[in-house]
Structure formats: structure tokens, C-alpha cells
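The lines below spell out each chain.
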Amino acid sequence: MAMPKLLQTSQFTSNHLRTFSSMLSKPLQLHIHLTPSLFPHHRFSLYHSLCKSQSPHTFCQPRRRRRNFSIQAFDAETKSDDVSSEKEEKPESRSKVDDNNGSLKGAAQDYPSGEFEFQSPGFWKSFLVKIRMLIALPWQRVRKGTVLNIKLRGQISDQLKSRFSSGLSLPQICENFIKAAYDPRISGIYLHIEPLDCGWGKVEEIQRHILDFKKSGKFVVGYVPVCGEKEYYLGCACEELYAPPSAYFALNGLTVQASFLGGVLEKVGVEAQVQRIGKYKSAGDQLTRKNISEENREMLTALLDNIYGNWVDKVSLTKGKKKEDIESFINEGVYQIERLKKDGWITDIKYDDEVTSMLKERLGLLKDKKLPLVDYRKYSRVRKWTLGLSGGKDQIAVIRASGSISRTRGLFSTSSSGIISEQFIEKIRSVKESKRYKAVIIRIDSPGGDALASDLMWREIRLLAASKPVIASMADVAASGGYYMAMAAGAIVSESLTLTGSIGVVTGKFNLGKLYEKVGFNKEVISRGRFAELTAADQRPFRPDEAELFAKSAQNAYKQFRDKAASSREMSVDEMEEVAQGRVWTGKDAASRGLVDAIGGLSCAVAIAKQKANIPQDTQVTLVEMSRPSPSLPEVLSGIGSSLAGVDRTLNGLLEDLTFADGVQARMDGIMFQRLEGASYASPILNLIKDYLSSI
């Protein structure tokens, strides 16, 4: 489950303070289901979900041609000498071509795919690698014939992790796959796949790297003691897949759930007064309705169909099964491991020690010898330089932006609290002023957040894009405030399962009058100014003139967001209106509708950055991470005792919500299809309510 955050302009920062200030400041995540929820003030909300994807071998698919344009197109007050003297072209309406889904497609630009191609190193390079391995530091050394053991479970962050940080890091996982493919000391990979707590965008990126690794000719073996749809999505890409006799397989399909608190709030005397713009903008429904709206049902059904269809397509392709057979198998509700083996869903039934013995035999080791393994964390210390995978003269900066967006760091913030616009802008400006970087990739994994912060970052990205190529690369989600950032780039790349769009607005406040009356609380407000009590008077509903002002301000916020998106994507307002209205799109559907330029991962973004920076595709470049991890005290402690950070995480999130939720938000409604509950994008307040209800 996840949540919405609104996007809005600076004009609203004083108008809607403290409305829905802390109720749902982060998306709620539940069992394989999604529930829209409401955020403070105007929010550009978005839904977390999945979608149909392309063939696993098709990594970067161009969708529409874009022209270069200056920042003047977005800021009428910008002087020509501030940014660019380039003559501005008036955006032209895209030629419409209806595909079989009724989507709009424009002229496609030929973008490079960035597809991984394994090239065996020559004699001289192999010699240099051997010399470098000899002089490597002790903690960077690996025995010859070692098997890389990666345990994929729980949350996976899109940020780099320090050695003291808990959890997994997607960029480090992907780098380990690439290093292992070229490392002569690594014989293969042994993957332990357990319940995952991440979006499908990251799952797709990992699957792509599994398939890429297999091109090296080395083995990749998977082991799944607990397996749902996401886990099998990775497991089916392995050369061999094993499970213990007692394994729990739950390949029963996907569901979507929407929960509603309207009846609960009515009983306790709380009224949520909501104004939403966009027929698909379901943010607020959780607090106002008792059942699902037809528009919300339509959107969630389409998302579920995309996700389910994508899963069936990928499994069919990797396992060589007919789609009809896969759906029939799912509908049977098969849980017997023997049946899974018989029908070819797994290779064999083995315990972990039996798989280890099998790998020892494959490597020619004696039974009394121990299988040489190196785990993910230790292998992350091996430098790419040692394996000859770095050293490109041309440099491309990578700026990572993950989590909720805020303007300043809060009192309870940690280094992993999300996107702080002040710090992000500093990085943007330093890259802009430096002549070292030929291009910039902004990697976004965010449901949005503070609207003012989103707009300030958008402006700085536009200024940066005027001086050098900027490519936006999306991970699990880049919507509302996250999409606001992305649309400032010269090209947008997303996974086919990325959640994006959600161009809509919702605003509202709580009327607590009946609740105050029930508990005997009274509140008197003395004000000056006709609309001074617009959001301050929570003891009464809106007056008619206040409700009218609230509605007009929401409509104005939506128009500004929609129009800016239309200009950024070179679409007419009418065309943008067709894909806006608060609707959440998967990356594939967003690309077919002009919201995204290409489908692919970070490698695709790098290839496009090379193209725009006039760097030959076969030239090696150096990716410079501008967001290097700097462990905080809790993270250091978590390295010693991992439970400490986990205990503090929910409390810190709750304090952050209660203390710093004022102001216009630009968030997405969250839709997370999860088999198990997790903490990412979860609302601490709703978690506490849920825990309380489950205890009575």
C-alpha cells in the first residue's frame, strides 16, 4: 500500500498549512494490495504498481523524439543571458497514432540500448588484471574458484550503502554481478532468494543483471525456501533453481485491495473535507469514502492486469512455457514441491547443504573440502579497477535521489531520510560548475514530497540541462514530485515496471468539530482577514466562500502542474490532459503516452548520456557517484547490533511526520504489490492504528 503526495506551486505554501498535516505522510504498504491515501494540502499523488514489461533482452526502447529547448520555455521571467540565447521553438503538437491500446505515440528517436555485451579480455588485459589482483589489499582479495553468494531478501535501496549500513543496495548488487562476470577468480553465483520488500522496478533491474551475467558462461544457481511472484521472477532467470522439501511456494496470483476509513472517521466524529482535481486522483478516498470509486477501480484494474500480464510473459519466456499453461498452473493453486519439480518450475528438490555439495562436485572439490564462498558485502569491497573495469577518461556524474522530498533536514532526520532539496541543489550546482563531467544522470526513486522543494530542484536541473546533457533514470517509482524532477531532464528512462505520472492535485482539511464535542474539548479562534481561518479552524467545516477558494486554489495548482508537464514533454495541454487527471502509469504505458522517452535501466541511461555528449558507445566512461554514503551513528551501531536501527526507524518516521508535515506536498498515492509487509514508504501512524486494532 502506499500513498499520495501533492505537487503544488509556491503560491500555496501559506494557504494550506497543517491540513492533513501528519495523517498519511508516507505511503502505506500492505499485503499485495494497494490503498490510496490522503496527504496534506495540494498533492500530486501517484500510485505504486507494476506493469507489463518487454522481453528481458530488450533493455532500452525509444519512444518519441525530443527537441532541445532552453529554460525560457518554463520561466517567462528568465532573461536570455541567464541561461541560454538559443531561440525558443514553440512546442508542436505530437502527431497522434493510436496503437492497439488506444495510446498515443510520437516519432521515436533512435536511442542506444546500453545492452550488456560480454567481451572476453585479451592477453594483455588479463595480465594486468592478474598483477592488480596480486597487489590488492588483503580485504579485497578473493580465492580462485570462489563462488559469489548473494542473499536477496527484504528491502533493497537505490542508494549506495556504507559498510556499516544494514540492508541491500541495488547499485552495489548490480556492480557485483558485472564484476563477477569478468573476475577470473569467480566461478559462478549462488543466489539465496527470500521474500523481497521492494518495487518491481528494482526486481526487473536485478533480473536483467542475472541474464547479463549468464552471458559470461559462468553458472548462476538459485535457492528459494520461500517463494512468491517476485522471488520467482528472479529465480526463473537462474540457470538452475532449487528448493528444500519444506519450501513454501505461493504462486497464486496477485490481488489489489483498497481500504477505506470513511466509516471509521464518521463514527468518531471526524470529517475529511477533500477537494481533488483529476478523475483518477483517488488520494483522499481512503479518508472520505466507504467504497471504491469507479475511476479508481478502473485504474487499479489496469495496473493489476499490466503486472500480472508482465509476470506471465516473463515466466513464459524464461521457462519456455505456454502462457495458457502458466495461468492454468496458477489457477490450480499448486503448493506441492514435487509437482513444481515435475512441471519444470524448479530444477530439483534439495536442501542448502545438498546444493553446496553439488557445487563442490561441479568445481572438482573433494567432499571434505569447504566450498569457497564470498558474500555480497565482502565482494563489494573489490574495486572495479582491479578487474580493469574502470579508468575511462570521460566522466559522467550520477546523482541519486531516493525517498520522500523535503526542503530542509528535519530534527529527527538521518542520512537516509530522503531527498533534501538544499543538499541536492548543492550537488547539482557543483556538477554544473565543474568541467570534469561530460553528462549527468539523475537517478530517481521517489514518490514525491514537498512541492516547493520539488520545484526548486526542477529549476536547478533545468539550469544544469542548459549546460550539459542530463538524463533522468527511474527506479521503482518517480511520480508526483519525483516526476516533477525527472521532466526537467533532456531525456527520461524508466523500467517498464516503474510507477510514474500521477499528474493531479488533492487538498483538504479535517473538521474535528464533532470529535471535540464528544470529548468535551472547545477551541475558539480570533482572526483578522476574511480567510484567516481557512485551515486554522479545524473545529468547524468550511464556509461556502472558503470552500470556493479552496476549490479554486486546487484547480490553479493542477493547471500549473499540468501545463508545466505539457511544456516539458512538448505536448499540447489537451494531450497532457488525456494522460494526467491524477492517473498513475507503469513505465511502459507512460512511454507509449509520451511521459517517458525510453525503457531500460541505468545502463540505458549511460548509453543515452554518451550519445548526447558525443562520446562513442564503445568508449569506456567513469561513473562518478555524487552521493557517496556517510554512515550516521545509528547506522554504525546497526552494523554492531542491527536491531537498534530497526527499533528507531518507525519512531523517527513518526516524529518526522508529526513535526515537519506542514506545507504543500507533492506526493504520490502508493500502490505496492507485496506478499509481505515492509517498512518502505509505510505510514507510521497507520501502522500504529493497525497494531492497535489487531490487539483488541
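Computed from a predicted structure; not experimentally measured. (Residues numbered from 1 in each chain as written. Predicted model: local features only at pLDDT ≥ 70, side-chain atom pairs only at ≥ 80, totals over all residues. Heavy atoms only, no water.)

**Brief notes about the nonpolar core**
Then step 1. Formed by 63 residues in total, the largest nonpolar core has its most connected members in Leu 152, Leu 191, Tyr 232, Phe 249, Trp 311, Trp 345 and Tyr 379.
Then step 2. It is helix 2 (residues 170–182) that provides the largest number of residues to this core, a total of seven residues.
Then step 3. Contacts of Tyr 232, omitting those with residues within four sequence positions, involve Cys 227, Leu 241, Phe 249, Leu 251, Trp 311, Val 315, Lys 319 and Trp 345.
Then step 4. In terms of nonpolar packing, the next biggest core, distinct from the first, is built from 50 residues, Val 431, Ile 444, Tyr 483 and Phe 561 among them. (Core = buried A, V, L, I, M, F, W, Y, C linked by side-chain atoms within 4.5 Å. Buried < 20%, exposed > 50% of the residue type's maximum accessible area, 1.4 Å probe, protein only. Helix = DSSP H or I, 4+ residues; strand = E, 2+ residues; numbered from the N terminus. Contact = heavy atoms within 4.5 Å.)

**Focus: the packing of helix 3 (residues 200–214) against helix 7 (residues 294–319)**
Then step 1. One way to put it is that helix 3 packs onto helix 7 with a least axis distance of 13 Å and a crossing angle of 10°. The orientation of helix 3 relative to helix 7 falls into the category roughly parallel. Of the two possible hands of crossing, helix 3 and helix 7 adopt the one that is left-handed. On helix 7, the residues touching Trp 200, Glu 204 and Gln 207 of helix 3 are Ile 307, Trp 311, Lys 314 and Thr 318.
Then step 2. Within the contact of helix 3 with helix 7, the residues separate by chemical class into three nonpolar, two polar and two charged. (Axes fitted to C-alpha atoms, helices over the stretch in contact; angles between N-to-C directions. Parallel < 35°, antiparallel > 145°, perpendicular 65-115°, else oblique. Left-handed = near helix turned anticlockwise from the far one by under 90°. Nonpolar A, V, L, I, M, F, W, Y, C, P; charged D, E, K, R; others polar.)

**Thoughts on the environment of Asp 352**
Then step 1. Note that Asp 352 resides in helix 10 (residues 352–362).
Then step 2. Of the residues examined, Asp 352 reaches a relative accessible area of 30% and is grouped as partly exposed.
Then step 3. Between the alpha carbons of Asp 352 and Tyr 223 there is a distance of 7.5 Å; along the sequence they are 129 residues apart.
Then step 4. Setting aside its immediate chain neighbours within four residues, Asp 352 contacts Tyr 190, His 192 and Tyr 223.
Then step 5. For Asp 352, the side chain forms a polar contact with the side chain of His 192, separated by 3.1 Å. (Polar contact = N/O pair within 3.5 Å; in protein donor to acceptor, adjacent residues only side chain to side chain.)

**Quick notes on the packing of aromatic side chains**
Any aromatic ring pair is given by two values, namely how distant the centres are and how the planes are angled relative to each other.
Then step 1. Under the criterion given, the structure shown has 12 aromatic pairs.
Then step 2. Plain terms: the ring middles of Phe 177 and Phe 213 are 6.4 Å apart, the flat faces sit at 70° to each other, and that makes the pair edge-to-face. With Phe 177 in helix 2 and Phe 213 in helix 3, this pair connects stretches of sequence that are 36 residues apart.
Then step 3. Taken together, the ring pairs connect Tyr 232, Trp 311, Phe 329 and Trp 345 into an aromatic cluster.
Then step 4. The ring centre of Phe 542 lies 4.7 Å from the NZ or CZ of Lys 509, which sits over that ring.
Then step 5. One residue, Lys 564, lies across the ring of Trp 458, its end atom 4.0 Å from the ring centre. (Phe/Tyr/Trp six-rings, centres within 6.5 Å; stacked < 30°, edge-to-face > 60°. Lys NZ or Arg CZ within 6 Å of the ring centre and 35° of its normal.)

**A short note on the environment of Ile 307**
Then step 1. The topology assignment puts Ile 307 in helix 7.
Then step 2. Taking relative accessible area as the criterion, Ile 307 reaches 0% and is therefore assigned buried.
Then step 3. Placed 53 residues apart in sequence, Ile 307 and Leu 254 show a C-alpha to C-alpha distance of 8.4 Å.

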